[in-house]
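Residue strings, one per chain:
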Amino acid sequence: MAARRPDDAGTPASLDGRLDLDALDVGHDPMLDLDVIGEDRPTARETVVAWLEPTGLLPVLARHRKAFVASAVVAALLLATGGIWWIRRPAALRDPHVFARAAGADPTAALVTDPSTGMYVGVQQKVLVSSAEPQGVALRLLGITGPGLAIDPAAATPVDLQRTDRPLVLGAALACTSPEATTAALASGTGDYAMLLQRTAPEGEVRVDRVPLVGSVTLVDLVHKGCLQIAADRDLLVRGISAAPVAGLVALKLDVALDNPSPRSWSGLHVAAAAQPVITNDGRSVQLEPSASGHLQALYWPTDCSDPVGPLRDGIAIQADLGPDGLPPAQGSSSPSVLLRLPGQMLDDVASVAQSVCGTDAPRSSLRQVRLREGGGGGSAGTIDLLVDVTTPGAFLAEIDHPGDGGGELITYESPVHPVDGVATIKARWVLPSCQRVIADGLPRLHVVLVGDVKRPYLVPLRGEALRPVLYRLCGDEVAALAG
């Protein structure tokens, strides 16, 4: 500020409403002093010029003033637009708001089998999915994750949020091919399995999360069963089978020689309850240490002397007390039963011994009378009354009933029957299921037990030309062709 003159020190003259230039210089408010108002501060333009002058750009900008101004305006607009987007940008995907539970008719889960080998290769689970995700978020179910399972990326299932009442089928491959993976799978529980969910936001963000799966008890049991079956196929080798007839019975004593080449222990191997009463234990449980051998002894009762080793073709249902290496399954559940598969050549040897006690002369059925009793209704294609002749070679008594193995309900009367001239005649009534079930299950069979020196069981197909026109009337050509 400029120095004041000595003659300005006095009291200024009173103002009378007119502007006094001398008074402005002395004024009471320093903000009104002329020296303050006229203070030499650089303008924004002067600041920019001073900043650009050392760079040598001023002559260039002077020649291209319009382009520079346009660029500055565009930059300002971009900055403003970016600021608005940043303020209004969509929130990132947070933890999923998706609920999944097992659904559908029991069982809601199933094992997947390779049709060419009969081996378990995966699991499937039916689920209902509901979502509280923001609008526009796309959902895809990648599969089921957990011990002993591997997800197939090609099997992802999109979720239609307009149809949340429709169960979706999720899958996963069994991946318990090593002893360590088998141990982890058998020790797992319901909390170890979840649905793997992929979410995609409208802006393109993708996130994959685990979503708990409510009601997965059946799934866990099937994973245990599938992994234990894989372990049995890998660890238990059948070296040989010997069969011996049981005196006075149509039954065989089986001795199955086993090897365990694996580094794992199998404790308490025995015939499972699922195999009874056709196959029962006939000795102690087998303890197989690593690289050890043992013998599983069982008693086998053929159910059909026409095919005496039919129940053995899939294998013998066995059970280990605690699973491989003595590790108990999670949550205190028992170890599931698995199949001990028997080589085909060894089964042929067993069949020859079984045939010696069953005999070679099997009964046959013929239809003497077929009458349509009533048409379809209530899920049934109709009801048929039958008069059936059954041959009874070598028997003085025949016990005839229906084993209940499909084909509807077959009611037989007057059993047991004394044969006349080697033929037992029975009355029966067949209540058909739907025509589709007849096509899927085939015609019913009669369970015929011929009583002579021993009791020989047979499963006799119910066929005959007399049945064809009635089946044609009820269900058409496809079902009528089954009559033979």
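Attention shifts here to the state of the cysteines. Following the criterion strictly, the structure yields 3 disulfides and no others. Between the sulfur atoms of Cys 176 and its disulfide partner Cys 227 the distance amounts to 2.1 Å. Disulfide Cys 176 to Cys 227: torsion about the S-S bond roughly -100°, handedness left-handed. Here the residue Cys 176 occupies a position in the loop between strand 7 (168–174) and helix 6 (179–186), and Cys 227 occupies one in helix 7 (residues 217–235), the gap between them amounting to 51 residues. For Cys 176, a relative accessible area of 0% translates into the label buried. The partner cysteine of Cys 305 in its disulfide is Cys 358, sulfur to sulfur 2.1 Å. Between Cys 305 and Cys 358, the S-S dihedral sits near -65°, and the bridge is therefore left-handed. Residue Cys 305 is located in the loop between strand 15 (292–300) and strand 16 (316–319), and its partner Cys 358 is located in helix 8 (residues 344–358); the two are separated by 53 residues in the primary sequence. We note that Cys 305, like Cys 358, is buried. The disulfide pattern of the protein chain is 1-2, 3-4, 5-6 when the bonded cysteines are numbered in sequence order.

Let us now look at the nonpolar core. Core analysis: the biggest nonpolar cluster contains 75 residues, and Leu 312, Ile 384, Leu 386, Leu 446, Leu 467 and Leu 471 have the highest contact counts within it. Counting residues per element, this core draws most heavily on helix 8, at 8 residues. If we skip the residues at most four places from it in the chain, Leu 467 touches Leu 367, Val 370, Ile 384, Leu 386, Trp 430, Leu 443, Leu 462 and Ala 483.

Looking at chain direction, strand 4 (residues 138–145) and strand 8 (residues 194–200) are connected through 7 bridges and run antiparallel. Its bridge partner lying in strand 8, Leu 139 is registered against Arg 199. Summarising the sheet, strand 4 and strand 6 (residues 157–158) pair through 2 bridges and their orientation is antiparallel. Within strand 6, the position partnered with Leu 141 by the bridge is Thr 157.

Turning our eyes to something else, we now look at the sheet that holds strand 18 (residues 365–377). Pairing is antiparallel in the open sheet, where 4 strands are placed in the order 18-19-22-21. Single-partner strands in this sheet number two, and they are strand 18 and strand 21 (409–412). Taking each pair of neighbouring strands and ignoring which way they run, the sheet shows an average axis angle of 20°. Bridge count between strand 21 and strand 22 (residues 423–431): 4 bridges; the pairing is antiparallel.

Another point: the side chain of Asn 260. Along the chain, Asn 260 turns up in strand 11 (residues 252–260). One polar contact links the side chain of Asn 260 to the main-chain carbonyl oxygen of Glu 289, over a distance of 3.1 Å. With residues up to four places along the chain from it excluded, the contact list for Asn 260 reads Asp 235, Ser 265, Trp 266, Leu 288, Glu 289, Pro 290, Ser 291 and Ala 292.

Bringing unusual backbone geometry into the picture now. Note that the residue after Gln 276, namely Pro 277, is joined by a cis bond; omega there is 0°. Relative to the helices and strands, Pro 277 resides in the loop between strand 12 (266–271) and strand 13 (279–281). Note the cis peptide between Ser 415 and Pro 416, where omega equals 5°. The topology assignment puts Pro 416 in the loop between strand 21 and strand 22.

Spatial strand order, 10-11-15-13: 4 strands in an open sheet with antiparallel pairing. Here the strands that pair on one side only, and so sit at the sheet edges, are strand 10 (237–245) and strand 13. Strand-to-strand twist in this sheet, taken as the mean axis angle between neighbours without regard to direction, amounts to 30°. The pairing of strand 11 with strand 15 spans 9 bridges and is antiparallel. Bridge assignment links Asp 259 to a residue of strand 15, and that residue is Ser 293. Where helix 8 meets the sheet, its contacts fall on strand 10 and strand 11, and the angle it forms with strand 10 comes to roughly 10°.

Procedures and definitions
- Residues numbered from 1 in each chain as written.
- Predicted model: local features only at pLDDT ≥ 70, side-chain atom pairs only at ≥ 80, totals over all residues.
- Heavy atoms only, no water.
- Disulfide = S-S within 2.5 Å.
- Helix = DSSP H or I, 4+ residues; strand = E, 2+ residues; numbered from the N terminus.
- Buried < 20%, exposed > 50% of the residue type's maximum accessible area, 1.4 Å probe, protein only.
- Core = buried A, V, L, I, M, F, W, Y, C linked by side-chain atoms within 4.5 Å.
- Contact = heavy atoms within 4.5 Å.
- Pairing = 2+ DSSP bridges.
- Axes fitted to C-alpha atoms, helices over the stretch in contact; angles between N-to-C directions.
- Polar contact = N/O pair within 3.5 Å; in protein donor to acceptor, adjacent residues only side chain to side chain.

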